[in-house]
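The lines below spell out each chain.
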Amino acid sequence: MKTAIVTGGARGIGRGISEALAREGWSLALCGTKPAEAVADPVAEIQRLTTEGARVRYYPCDVSHSEERQWFVERVFADFDDISLLVNNAGVGARERADILDMTEENYQWLMDINLRGPFFLTQSVARRFLAQKKGMVVNISSISATVASVSRGEYCISKAGVSMATKLWAARLAEYGIPVYEIRPGLIRTDMTAAVVEKYDRLIAQGLVPQNRWGFPDDIGRAVAMLSRGDLAYSTGQVLLVDGGMQVERL
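Residues numbered from 1 in each chain as written. Predicted model: local features only at pLDDT ≥ 70, side-chain atom pairs only at ≥ 80, totals over all residues. Heavy atoms only, no water.

Caption draft 1: Representation of the packing of helix 1 (residues 12-23) against helix 7 (residues 218-229) within the structure. At a minimum axis distance of 7 Å, the contact between helix 1 and helix 7 shows a crossing angle of 45 degrees. Comparing the axis directions of helix 1 and helix 7 gives the class oblique. Along this stretch, helix 1 crosses helix 7, giving a crossing that reads as right-handed. Across the interface between the two elements, G12, I13, G16, I17, A20 and L21 of helix 1 pack against P218, D219, I221, G222, R223, V225, A226 and S229 of helix 7. (Axes fitted to C-alpha atoms, helices over the stretch in contact; angles between N-to-C directions. Helix = DSSP H or I, 4+ residues; strand = E, 2+ residues; numbered from the N terminus. Parallel < 35°, antiparallel > 145°, perpendicular 65-115°, else oblique. Left-handed = near helix turned anticlockwise from the far one by under 90°. Contact = heavy atoms within 4.5 Å.)

Caption draft 2: The arrangement of the side chain of E155 in detail. Tracing the backbone shows E155 in helix 5 (residues 154-174). R153 provides the closest opposite charge to the buried, unpaired E155, separated from it by 8.3 Å. Apart from residues lying up to four places away in sequence, E155 is in contact with A94, E96, M103, N107, Y108, L111 and M112. (Buried < 20%, exposed > 50% of the residue type's maximum accessible area, 1.4 Å probe, protein only. Lys, Arg positive; Asp, Glu negative; His and termini not counted. Salt bridge = Lys/Arg side-chain N within 4 Å of Asp/Glu carboxyl O.)

Caption draft 3: Structural detail: the sheet that holds strand 7 (residues 240-243). The strand order across the open sheet built from seven strands is 3-2-1-4-5-6-7, with neighbouring strands paired in parallel fashion. In the strand order of this sheet, the two ends are held by strand 3 (56-60) and strand 7, each with one partner. If you compare each strand with its neighbour and ignore which way they point, the axes differ by 20 degrees on average. Where strand 1 (residues 3-7) meets strand 2 (residues 27-32), five bridges bridge the pair, whose relative direction is parallel. Across the sheet, the residue bridging to V6 is L30, located in strand 2. Each of strand 1, strand 2, strand 3 and strand 4 (83-88) is contacted by helix 3 (residues 66-79), which is oriented at about 160 degrees to strand 3, the strand it contacts most. Set on the sheet, helix 7 makes contact with strand 4, strand 5 (138-141), strand 6 (181-186) and strand 7; between it and strand 6 the angle comes to about 165 degrees. (Pairing = 2+ DSSP bridges.)

Caption draft 4: Quick look at the layout of surface pockets. In this structure, the second largest pocket spans a volume of roughly 180 Å³. In this structure, the second largest pocket is lined by 14 residues; those nearest its centre are Q212, R214, V243, D244 and G245. Of the residues assigned to the lining of the second largest pocket, the class counts are six nonpolar, five polar and three charged. (1 Å grid on protein atoms, 1.4 Å probe; cavity = no way out; pocket = protein on both sides within 12 Å on 5 of 7 lines; lining within 4 Å. Points joined across faces, edges and corners; volume = space filled by probe spheres on them. Nonpolar A, V, L, I, M, F, W, Y, C, P; charged D, E, K, R; others polar.)

Caption draft 5: Structural detail: the pattern of salt bridges. Across all of its chains, the model carries 14 salt bridges by this definition. In this structure, the salt-bridge partner of D219 is R223, at a minimum N-O distance of 2.7 Å. With a gap of four residues between them, D219 and R223 both fall in helix 7, about one helical turn apart. For the salt bridge of R230 with D232, the shortest nitrogen-to-oxygen distance reads 3.3 Å. A relative accessible area of 44% means that D232 is categorised as partly exposed.

In structure tokens, the structure reads:
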């Protein structure tokens with residue numbers, strides 16, 4: 001039974017990804033910073049979506065901590081067979097929306113450790129195992145903030161720009177071994193992370209910010225990951241898939 005690792009896979013966009021992969025017949029190794037009992041219900045719901053024989057297991061793990069990250073990788077490869085997909089989804093928003101003139105080094109470093117350093121070195125660890133088994137795939141979840149500047153959360157934008165470059169680096173490094181690496185760049189997605197700005201973006205969407213005239217949802221990202229997981233873009237390593245309702249279409 002093929003297995004996918006999904007970081008942050010029990011909540012928000014990660015849950016949408018996990019549910020889509022469950023429907024595709026994948027077993028799932030999920031991780032997150034919450035204790036297992038706090039996500040027992042969504043993990044059980046994801047399990048109910050799987051096909052016969054597939055398993056879903058959740059591991060409490062903060063990917064920004066090297067010891068926890070290494071423990072997670074070792075446990076997953078011991079507990080599951082045929083691990084062939086890594087989805088780097090776990091991430092956080094800015095601790096404090098503040099002008100970049102007022103950003104603190106503490107807040108900057110906290111976010112960069114979670115959003116960039118953690119997934120980069122998780123990819124390194126998993127990629128070494130993919131090389132040994134001669135197969136695998138990596139999907140990085142970034143954001144339109146990789147290219148769209150927002151001065152009230154500059155550290156978030158920088159982290160996602162870094163994820164975008166990491167995608168190119170890993171795609172270039174792993175291509176000769178037949179291990180594709182992709183980036184999915186979501187737009188406005190309704191999750192806990194965007195709950196505080198719903199009113200603001202409801203208004204902007206009504207004014208035409210998003211050509212498709214709606215919020216995105218976690219299952220929109222899930223379907224995109226499922227498509228990649230099937231190998232439908234096998235000759236496109238390093239590419240960016242925008243799932244943003246057309247926000248970045250140039251318009252007059």
